[in-house]
Amino acid sequence: MRGVAIAPLLALPAFAQDATGEAPALADLVAAGDLPPVAERVGEEPEVVTPLNAVGHYGGDLRIYLRGSSDHNHILRVVGPQGLVRWDPQYTQVVPNVAERFEVTEGGRVFTFYLRDGMKWSDGEPFTADDVMFNIQDLVLNNEFAPTPPRYTSGGEPLKAEKLDDYTVRFTFKEPYGDFLAELASPLGQHPVLYAKHYCSQFLPSYNDDIGALIEANDATDWQNLFLQKCGDLEIPARWGNPERPTLDPWIIKEPYVGGTTRVVMERNPYFWQIDTEGNQLPYIDQVIAPIDQDVESLILSVIGGKVDFGLRHIDPPANRPVLAENREKGDYHFFEAKSTGGTDMSISFNLTHKDPDMRALFNQKDFRIALSLGMDRQAIIDTVMLGEGEPWQHGPFEDHPYYHEKIATQFLEYDPEKANALLDGLGLERGEDGIRRMENGEPVRFQIDVIPTFDPTWVDSLQLIEQQWAELGIDMEINPMERTFFYERTSNSNDHDAAVWRATQSWVPGQIPQMLVPVHHDSRYGIAWRDWYLSGGTAGEEPPANVKKRLELYDKARGLTDPQERIATFHEIADIAADNFEVLGVSKAVPTYGIVKNDLMNVPDSMPSSWYYPTPSPTLPQTWFWKDE
């Protein structure tokens, strides 16, 4: 994959002559003179996509759903992060996407991307190298807008971007960067092509001398806030809140995702740049419609009532499967397999950078964390909450994966309350008259675990059992359920949490952020202050201890490696240190789950990887899904 150019899927110029198929509504606009012919709209080098099972036909809506006001990433997963590259459907290699092809040279330091000649934004304006340069120079590298994300740095320095011609750009790094293509293929790797220069530049002071008037007219606090209002960002609802913002997506916003709305509607992008093998412009489906429900129970009722055409997110916990299975005929759907990529569906991170010195001292006792792991009856949780599916697991890749690390996955899994009590006794945490252990300051060992109930209902059910199991050890754990926005603010932004639950479904392959090994991400809730130090280059947050700094150094090294075996060996070094420090507690090995798809929706795979980094289902190309003829 690296060190060579990847050719386009087919000889594209010849196919441009055959790009004549289009949706009837678009053909009517062409006939009326309101839209250019399809061959002009897709450009000279559209991507030719081979549909999974059959060439489709046009029409119909794809009904999905959204859970409340902060489910923006569900839209992203279906519409897809239309970056320079993407993962193939099997999650095995990175393939061209917005870029027609790419080359990696100078040992993994230089990446040259050849864009698609004649490609256009959704409003018909040309997409060129100028857009990429705008995204990199004016935004990614502009610290007045936001800090440069680590994925665009190597050797402590950001990339350098060059425009070679109107359809060729080159990124050069200080040091080899073997993970870069995989980073670009992840959902967070779309920044180089996210914003249309001709539209979004008006919200930057360097392009608009009258920016103050726009700020005032839109009740924005500053130009940065104005920009996010109008052009959004990768992971905020505002990305889907402005129908005027041009995109490269297969469907574009018609009814936006804004406060108070009851549904989001996206309609076909008339300038989308993919065609099928018979020259038909994609997507086949006219609209994506996403009603907004406030709870999972409502989502389940919508599915079994036949009102959902594709669903996976939020509905796939084991407890929901029986009722969904019983209603397959009624709802006219079948299951598809959502394969786990590794790790655990539930991990608990204690805040090792806690603002309270007594809580920090408690959580930083490794024996305290070991005791709580040994005091957790994982098999009881699996049998009761997971309906018997799964096996005790900390975190990390599965046994059959090249990155598998036995110690970090399997240590301290046995249920041994006697040993757990002995460890807690050894820490001087004596029980009070109420049975609760006391810290050195006399305060009870009492803490909260923050959790988002709607993200995965099994989390709260599991925590209820863990709460009882730890109470037997003299530990007073309280479950603190929170709405997702408040959860992120309290944990990832403010570092005000005691402990928090999140997934650790990872295999550590390129493109995945190993946040449970190294504190480099907002999900590294055991060390948010360390994360801030790392991301700021030492100007913010808190300097981490030597073992964490060593892991961060190794992680930076691993990101640059182009030899797969050397990368695996380096990750195992990181995992050795992380396992010795045992910062994160897992519960059960992530098991395959399931999604539902309507019986007449074609080209949807029977099985697909389930991962945010993939991200499911976009690499299966929903733009090729279509409705079977009656």
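My aim in this report is to walk through the structure given alongside it, one point at a time. (Residues numbered from 1 in each chain as written. Predicted model: local features only at pLDDT ≥ 70, side-chain atom pairs only at ≥ 80, totals over all residues. Heavy atoms only, no water.)

### Quick word on the overall build of the chain
No. 1: Per the secondary structure count, the chain includes 22 helices and 26 strands.
No. 2: For 630 residues, the compact-globule estimate of 2.2 N^0.38 gives 25 Å, and the C-alpha radius of gyration of the chain, at 25 Å, lies within 12% of that figure.
No. 3: Along the first, second and third principal axes, the C-alpha atoms of the chain reach 85 × 60 × 55 Å.
No. 4: Counting across all 630 residues of the chain, residues that qualify as buried make up 59%.
No. 5: Considering only contacts in the chain between residues 6 or more positions apart, those separated by 24 or more positions represent 70%.
No. 6: Working note: accessible area of the chain is about 23700 Å², and carbon and sulfur atoms make up 48% of it. (Helix = DSSP H or I, 4+ residues; strand = E, 2+ residues; numbered from the N terminus. Rg over C-alpha atoms; globule rule 2.2 N^0.38 Å. Buried < 20%, exposed > 50% of the residue type's maximum accessible area, 1.4 Å probe, protein only. Contact = heavy atoms within 4.5 Å. Areas by Shrake-Rupley, 256 points an atom, 1.4 Å probe, with all protein chains shown as cover.)

### Side note on the pairing of strand β20 (residues 476–481)
No. 1: Here six bridges tie strand β19 (residues 446–451) to β20, and the two strands are oriented parallel to one another. Of the residues in β20, the one forming a bridge with I449 is I479.
No. 2: The β-α-β motif built from β19, the intervening helix α18 (residues 457–471) and the parallel element β20 has right-handed crossover chirality. (Pairing = 2+ DSSP bridges. Right-handed = clockwise from strand over helix to strand, strands pointing away.)

### Focus: the side chain of D249
No. 1: Relative to the helices and strands, D249 resides in the loop between α9 (223–231) and β12 (251–255).
No. 2: Here D249 sits buried without a salt bridge, and the closest side chain of opposite charge, R239, lies 4.8 Å off (N-O distance).
No. 3: Setting aside residues no more than four positions away along its own chain, D249 makes contact with V79, G80, Q82, Q190, W240, N269 and F272. (Lys, Arg positive; Asp, Glu negative; His and termini not counted. Salt bridge = Lys/Arg side-chain N within 4 Å of Asp/Glu carboxyl O.)

### Focus: the pattern of salt bridges
No. 1: One pass over the full model with this rule turns up 32 salt bridges.
No. 2: In this structure, the salt-bridge partner of D434 is R438, at a minimum N-O distance of 3.2 Å.
No. 3: With relative accessibility at 46%, the residue D434 sits in the partly exposed group.
No. 4: Note on R438: relative accessible area 25%, which makes it partly exposed.

### Some points on a negative patch on the surface
No. 1: Judged by side-chain charge, D356, D358, E440 and E443 come together as a negatively charged surface patch.
No. 2: Relative to the helices and strands, E443 is located in the loop between α17 (417–426) and β19.
No. 3: The class of E443 is partly exposed, set by a relative accessible area of 45%. (Patch = residues over 30% accessible without salt bridge, like charges linked within 9 Å, V, L, I, M, F, W, Y side chains within 5 Å. Charge placed at Lys NZ, Arg CZ, Asp CG, Glu CD.)

### Description of the packing of helix α14 (residues 366–374) against α17
No. 1: At a minimum axis separation of 8 Å, α14 and α17 run at an interaxial angle of 160 degrees. In terms of orientation, α14 lies roughly antiparallel with respect to α17. Considering how the two elements wind past one another, α14 and α17 form a crossing that is left-handed. On α17, the residues that touch D367, F368, I370, A371 and L374 of α14 are P417, K419, A420, L423 and L424. (Axes fitted to C-alpha atoms, helices over the stretch in contact; angles between N-to-C directions. Parallel < 35°, antiparallel > 145°, perpendicular 65-115°, else oblique. Left-handed = near helix turned anticlockwise from the far one by under 90°.)

### Concerning the sheet that holds strand β18 (residues 344–350)
No. 1: Spatially, the five strands line up as an open sheet ordered β20-β19-β21-β18-β22, and their pairing is mixed. Each of the sheet's edge strands pairs with one partner strand only, and the pair in question is β20 and β22 (584–586). Direction aside, neighbouring strands of the sheet carry axes that sit 30 degrees apart on average.
No. 2: Summarising the sheet, β18 and strand β21 (residues 499–504) pair through five bridges and their orientation is antiparallel. For F350, the partnering residue across the bridge sits in β21 and is A499.
No. 3: Docked against the sheet, α14 engages β18, β19 and β22, running at close to 5 degrees with respect to β22.
No. 4: Strands β19, β20 and β21 of the sheet are contacted by helix α19 (residues 484–493), whose axis makes an angle of about 110 degrees with β21.

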